[in-house]
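Here is what each chain is made of, one letter per residue.
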Amino acid sequence: MLKTPKIATLPHSRRDFLGLAIQGSAVAAAATLPGLSAAAQTKGQTSMPTTTSEHYKPPVRFGLGGVPLGNEFAVITEKDAYATLEAAWSAGVRYYDTSPWYGLGLCERRFGNFLHTKDRRDYVLSSKVGKLLKASRQNNAKEYFPFTPSPNNVVFDYTADGVKRSIEDSLQRLGVDTLDIAFVHDLSPDNSLLPSPWEEQFEIARKGAFLALTRMREEGIIKGWGLGVNRPEPILKLLEVADPDVCLLASQYSLIDHQNALHQVFPAARAKGVSFVVGSSLNAGFISGSQRYNYGKENYKIPQPIIEKREKLRAVAGRHGVDLRTAALQFSATPDIASALVVGAANEQQIVADYSSMQVKTPAEFWAELKERKLIEQDAPVPA
């Protein structure tokens with residue numbers, strides 16, 4: 001059973017600790033924080049990048065991602081959303097990843113409506129920071145998510161105060177008392193919605209969000225933190241300036257596209273003791289047949305070489321009697337640096353199938369042919 005610290009057992013309330021985290025950021029920028037527990041001191045909280053002796057890794061290898069249940073791609077009814085969560089839990093899924101961004105609060109409310117009735121020690125929960133939600137009658141939620149009923153506007157805020165507010169708001173929407181992991185969300189060059197260039201927003205986060213999250217980790221409010229992004233540049237930059245635990249690597253390590261992650265991002269993270277939660281291993285469902293590739297308003301515009309690679313992968317899978325979706329999930333979960341895999345699901349059948357796929361044996365000859373035909377990198381790890 002997972003042992004998640006209860007905030008109620010600490011000498012202050014959660015709000016007090018969130019306040020302390022912000023107050024301590026300035027101190028953390030100059031020197032190691034004093035007065036921490038022995039476990040916290042091993043984290044080496046300083047203003048300079050350090051490699052800690054032990055970074056948090058989610059102890060659960062497979063998780064449910066929340067993008068579809070935020071009505072990203074289509075309307076999911078409350079009944080169907082709850083059935084999906086119930087099926088995931090019944091199948092044995094014990095890691096749940098959500099975000100304020102997914103449906104602008106919709107996914108967090110749905111996850112929370114289900115999870116708050118479970119023993120908090122029995123599952124891992126991650127959410128995101130960097131985007132605050134503010135309810136308004138004149139909201140523009142449907143500009144971002146046409147299928148969401150959310151009443152919220154979104155405000156980007158990567159400051160220390162923004163992190164405090166974001167986590168407090170998420171905990172209230174979820175109806176739980178703590179997060180295990182907080183990912184700084186979409187601080188990336190592919191995010192066209194940022195109020196200024198991503199490098200400028202990254203600098204705000206370096207001085208604010210990163211230090212505040214590190215302090216929260218030291219105080220036991222969260223177990224770990226990192227970035228949650230679709231591009232490699234922010235992760236490589238983060239490794240130079242901060243001491244994260246685990247990052248959400250989305251759309252970067254799949255059967256379709258993995259070369260840069262394998263040869264650039266993984267070695268840099270491995271040197272710092274940082275692991276990855278791998279997301280979008282199916283490239284937003286593309287590998288399993290969806291007519292979209294990754295995310296964004298124009299994800300239906302799929303480059304022809306990408307389509308052709310999927311067809312080649314399907315042909316090899318067919319020759320070996322392999323389900324390509326199963327192979328794709330297993331491939332993304334195999335690297336030693338992948339601490340967990342999160343997969344989005346829009347219904348109960350999908351999550352049960354995805355979870356079951358991790359138990360299937362895929363023949364070695366299939367992987368050998370993929371390498372022979374140069375459809376995956378020669379040094380890419382494959383399931384044993």
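That block above? That's the structure.
Residues numbered from 1 in each chain as written. Predicted model: local features only at pLDDT ≥ 70, side-chain atom pairs only at ≥ 80, totals over all residues. Heavy atoms only, no water.

*Asks:* What should I look at first to understand the overall build of the chain in this one?
*Replies:* Within the chain, the regular secondary structure consists of 14 helices and ten strands. Counting only residues that meet the buried cut, the chain has 55% of its 384 residues in that class. Intrachain contacts of the chain at a sequence separation of at least 6 include 74% that bridge at least 24 residues. For the chain, the exposed area adds up to about 15,900 Å²; of that, 52% sits on carbon and sulfur atoms. (Helix = DSSP H or I, 4+ residues; strand = E, 2+ residues; numbered from the N terminus. Buried < 20%, exposed > 50% of the residue type's maximum accessible area, 1.4 Å probe, protein only. Contact = heavy atoms within 4.5 Å. Areas by Shrake-Rupley, 256 points an atom, 1.4 Å probe, with all protein chains shown as cover.)

*Asks:* Would you mind going over the packing of helix H9 (residues 233-241) against helix H10 (residues 259-272) with me for this structure?
*Replies:* The relative placement of two packed helices is expressed as an angle between their axes plus a distance between the axes. With their axes 10 Å apart at the nearest point, H9 and H10 run at an angle of 20 degrees to one another. Looking at the two axes, H9 sits roughly parallel to H10. Once H9 is placed against H10, the crossing between them reads as left-handed. Only Gln264, Val265, Ala268, Ala269 and Lys272 of H10 make contact with H9, whose side of the interface consists of Ile235, Leu236 and Leu239. (Axes fitted to C-alpha atoms, helices over the stretch in contact; angles between N-to-C directions. Parallel < 35°, antiparallel > 145°, perpendicular 65-115°, else oblique. Left-handed = near helix turned anticlockwise from the far one by under 90°.)

*Asks:* Explain the packing of aromatic side chains here, please?
*Replies:* To describe a pair of aromatic rings, one takes the distance between the centres and the angle between the planes. Per the stated rule, a full pass over the model turns up 19 aromatic pairs. Between Tyr96 and Phe111, the aromatic rings sit 6.1 Å apart at their centres with planes inclined by 90 degrees, giving edge-to-face as the arrangement. Highlighted residues: Tyr96 in strand S2 (residues 95-97) and Phe111 in helix H4 (residues 106-115), separated in sequence by 15 residues. For the pair Tyr96 and Phe111, a shared accessibility class is recorded, and that class is buried. (Phe/Tyr/Trp six-rings, centres within 6.5 Å; stacked < 30°, edge-to-face > 60°.)

*Asks:* I would appreciate a short explanation of unusual backbone geometry in the present structure.
*Replies:* A negative phi holds for most residues other than glycine; trans holds for most peptide bonds. In this structure, Asp186 is a non-glycine residue whose phi angle is positive, near 55 degrees. By secondary structure assignment, the location of Asp186 is in the loop between strand S6 (181-185) and helix H7 (198-207). Overall, the relative accessible area of 13% leaves Asp186 in the buried class. The phi angle at Ser280 is positive, at roughly 55 degrees, despite the residue not being glycine.

*Asks:* What am I meant to see in the pattern of salt bridges here?
*Replies:* A pair can form between side chains of opposite charge whenever their charged atoms are brought close. The full count for this structure, using the stated rule, is 22 salt bridges. The partner of Lys223 in a salt bridge is Asp180, with the nearest N and O atoms 3.6 Å apart. A residue pair is termed long-range when its members are at least 10 positions apart, and Lys223 in the loop between helix H8 (209-219) and strand S7 (224-229) and Asp180 in the loop between helix H6 (160-174) and S6 qualify at 43 residues. Among the salt bridges present, the one from Glu369 reaches Arg319, with a minimum N-O distance of 2.5 Å. On the criterion of sequence distance, the pair formed by Glu369 in helix H14 (residues 364-372) and Arg319 in helix H11 (residues 304-319) is long-range, its members being 50 residues apart. Here Glu369 falls in the buried class, since its relative accessible area comes to 12%. Each of the salt bridges in this network shares a partner with another, and the network as a whole consists of Arg217, Glu218, Asp243 and Asp245. (Salt bridge = Lys/Arg side-chain N within 4 Å of Asp/Glu carboxyl O.)

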